[in-house]
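Read off the chains here:
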Amino acid sequence: MANGTKSRIIIDGIKEIINVAAANASTSISELLDKTVLISVPDLKQVNIYEFYASLSDYLERDIYAGIVKFKESISGYLVLFFDEESFKYLSKTALTKYLGENTFEEPIALDVFKEIVNIFASSYTTALYNFIGVYATHTPPEITHDFLGSVVNTILSVMTPQLYNENILLVKVDFRMYGNNNENPQKFDAWMVHFMTDSDVNLLCSAIESSIQ
Amino acid sequence: MSEAKILAKENMKPMINPDEKAKIAGMGDVIFGKKDEVLITLALGSCIALVLYDDKRKVAALAHIMQPEPLSSSDKISKIGKYVTTAIPYMITQLHKMGADIHNLKAKIAGGASMFVYAIGSDNKTIGEKNVEKAEQLLKKYGIPIVAKDVLGNIGRSVKFYVSTGELLIKTRNETYKI
């Protein structure tokens, strides 16, 4: 098999794993909140860390909530779920309305809901990795922060940089949209998931995908 | 050395003002300025912004530093400002070439936050703490006083240094202040 074709298959394989994981997570969230959750096709690219940070220059000070888990066992990167403030409040109100009948914003409860959602995402992701290519991974409990987008990304890149031989990371990004029941009342819901993969993560996933297609 | 002193609180303003002569440092960058220029770096997390300046000659340098030092001699140093140990000697040398009196250099530091617990290493210290500690050690070795700092905690910071006044403006998600 030509190298280009093999690379294409590996990229498609990673995309498919992400796609299944995100779809499973979306279904869980949809059931949790009684809302329709749609996901984009995963966008996967290898980027230099400095160029990536520079590409965010217009968004570095954007006010976001981030839910972060660190992968353990076979892989070691980070999965981060970003929500803008408006979407975070919408999420909170939706959960409170459903479970308590109150359409108000309560940050502590919202943080708990958000943690649960990040947990669902990370668990769906590790399950998909295992089911599709036999890569066993676990993850830390989610940690939530409310700050500048750039400060979260800055910290992740700094922590990862000793593990990045060529100072490149593989980024996988999935966007989410949430709608009311029966797709009524479409709500702007700006959330996206990013998996920051180290060199060793990429190598491991590539080997596992290659083995699974031989 | 005195602790960070808040001189003024201002309403939240964009850090980049088109009326100012601004230079912006990305991760691992070192930038230099003179007289009426301002030096900016945005959204620090565990990274630190280290400013060295000569307030008489009105020259300054700002580094956006990611790590205390290379883990091994084979570590790639693609950016001189990536490590404390590479940034500081470079800043001193270049400031001297720009006319600074190295005996009159002063330092200000901001950043080094712990945004989440996974940034803690096996030695139970965060990268932010290690960055700040290494910068303090090295500045002491070079005899450069740290006249103000706003470090650690768990908040992101953007910073802007005014070469003409020596003031460092710090912006967090909730407030803006000068040290």
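Owing to the predicted nature of the structure, the values given are computational and were not obtained by experimental measurement.

Undergrad: Let's hear about the overall build of chain A: which residues, and what values?
TA: The secondary structure content of chain A amounts to six helices and eight strands. Along chain A, helices (α) and strands (β) appear in the sequence α-β-β-α-β-β-α-α-β-β-α-β-β-α when read from the amino end. Taking the intrachain contacts of chain A between residues at least 6 apart in sequence as the baseline, contacts between residues at least 24 apart amount to 71%.

Undergrad: Tell me about the overall build of chain B, and please be specific about residues and values.
TA: Regarding its fold elements, chain B presents two helices and eleven strands. Its helices and strands in sequence order give chain B the pattern β-β-β-β-β-β-α-β-α-β-β-β-β, from N to C terminus. Pairs at least 24 residues apart make up 66% of the contacts formed inside chain B by residues separated by at least 6 positions.

Undergrad: I'd like a rundown of helix 5 (residues 149–160) of chain A, residues and numbers included.
TA: Residues and elements named next belong to chain A. Its twelve residues give helix 5 an end-to-end C-alpha distance of 17 Å, which sits within 8% of 16 Å, the value for a rise of 1.5 Å per residue. Of all twelve residues making up helix 5, eleven are buried, and the element is well covered by its neighbours. Regarding helix 5, the residues found buried are Gly150, Ser151, Val152, Val153, Asn154, Thr155, Ile156, Leu157, Ser158, Val159 and Met160.

Undergrad: Run through the sheet that holds strand 8 (residues 146–151) of chain B, naming residues and quoting values.
TA: All names here are of chain B. Taken together, five strands build an open sheet; the order of strands is 3-6-5-7-8 and the sheet is mixed. Across the chains shown, the open sheet's two edge strands, defined by having one partner strand only, are strand 3 (30–34) and strand 8. Pairs of neighbouring strands in the sheet enclose a mean axial angle of 15°, with direction left out of account. Where strand 7 (residues 105–111) and strand 8 come together, five bridges link them in parallel fashion. Note on strand 8: the bridge partner recorded for Lys108 is Ala148. Of the strands in this sheet, strand 3, strand 5 (48–54), strand 6 (59–65) and strand 7 are in contact with helix 1 (residues 84–97), which crosses strand 6 at around 165°.

Undergrad: Describe the pairing of strand 6 of chain B, with residues and values.
TA: Residue and element names in this part refer to chain B. For strand 6, the tally of buried residues reaches seven of seven residues, placing the bulk of the element in the interior. Both faces of strand 6 are covered, namely the face carrying Val59, Ala61, Ala63 and Ile65 and the face carrying Ala60, Leu62 and His64. In this structure, strand 3 lies alongside strand 6, joined through five bridges in antiparallel fashion. Note on strand 6: the bridge partner recorded for Ile31 is Leu62.

Undergrad: Please set out the interface of chain B and chain A residue by residue, giving values where relevant.
TA: Chain B puts 26 residues into the contact, and the matching count from chain A is 24 residues. When residues in the side of chain B that touches chain A are grouped by element, the largest group, three residues, is from strand 4 (residues 37–44) of chain B. Tallied by class, residues from the side of chain B that touches chain A come to 15 nonpolar, eight polar and three charged.

Undergrad: Describe the confidence of the model for chain B, and please don't skip the residues or the numbers.
TA: Residues and elements named next belong to chain B. For chain B, per-residue confidence averages 87 on the pLDDT scale, and residues scoring 70 or more make up 87% of the total. Of the regions scoring below 50 in pLDDT, residues 1–11 engages in 18 contacts with residues more than four places distant in sequence or in other chains. For this predicted complex, the interface confidence reaches an ipTM of 0.85, while the overall pTM sits at 0.86.

Undergrad: Break down the pairing of strand 4 (residues 78–84) of chain A for me, citing the residues and quoting the values.
TA: Residue and element names in this part refer to chain A. Within strand 4, six of the seven residues are buried, which leaves it mostly tucked inside the rest of the structure. As defined by bridge partners, strand 3 (residues 63–73) adjoins strand 4 across seven bridges and the pair is classed as antiparallel. Within strand 4, the position partnered with Ile64 by the bridge is Asp84. Hairpin connection from strand 3 to strand 4: four residues lie between these consecutive antiparallel strands.

Undergrad: Help me get a handle on the nonpolar core, residues and values and all.
TA: Counting residues in hydrophobic clusters, the biggest one holds 117 residues, and the most contacted among them are B:Ile48, B:Leu50 and B:Leu52. In terms of residues, this core owes the most to one element, helix 4 (residues 107–133) of chain A, which gives twelve residues. The contact partners of B:Leu52, leaving out residues within four places of it in the chain, are B:Ala60, B:Ala61, B:Met91, B:Ile92, B:Leu95, B:Leu105, B:Ala107 and B:Ile144.

Undergrad: I'd like a description of unusual backbone geometry, backed by residues and values.
TA: Positive phi, close to 55°, is recorded for B:Ala43, a residue that is not glycine. Its place among the elements puts B:Ala43 in strand 4.

Undergrad: Explain helix 1 of chain B to me, using residue names and the numbers behind them.
TA: Residues and elements named next belong to chain B. The first and last C-alpha atoms of helix 1 sit 20 Å apart over 14 residues, in line with the 20 Å expected at 1.5 Å per residue. When we look at burial in helix 1, the residues that qualify are Val84, Thr86, Ala87, Ile88, Met91 and Leu95. On its buried face, helix 1 is in contact with strand 3, strand 5, strand 6, strand 7 and helix 2 (127–142). Of the residues trailing helix 1, Gly99 is marked for its positive phi of about 105°.

Cut-off values and rules
- Residues numbered from 1 in each chain as written.
- Chains lettered and ligands numbered in written order.
- Predicted model: local features only at pLDDT ≥ 70, side-chain atom pairs only at ≥ 80, totals over all residues.
- Helix = DSSP H or I, 4+ residues; strand = E, 2+ residues; numbered from the N terminus.
- Contact = placed C-beta atoms within 7 Å.
- Expected span 1.5 Å × (residues − 1).
- Buried ≥ 20, exposed ≤ 12 C-beta atoms within 10 Å, placed from the backbone.
- Pairing = 2+ DSSP bridges.
- Axes fitted to C-alpha atoms, helices over the stretch in contact; angles between N-to-C directions.
- Nonpolar A, V, L, I, M, F, W, Y, C, P; charged D, E, K, R; others polar.
- pLDDT = per-residue confidence, 0-100.
- Core = buried A, V, L, I, M, F, W, Y, C linked by C-beta atoms within 7 Å.

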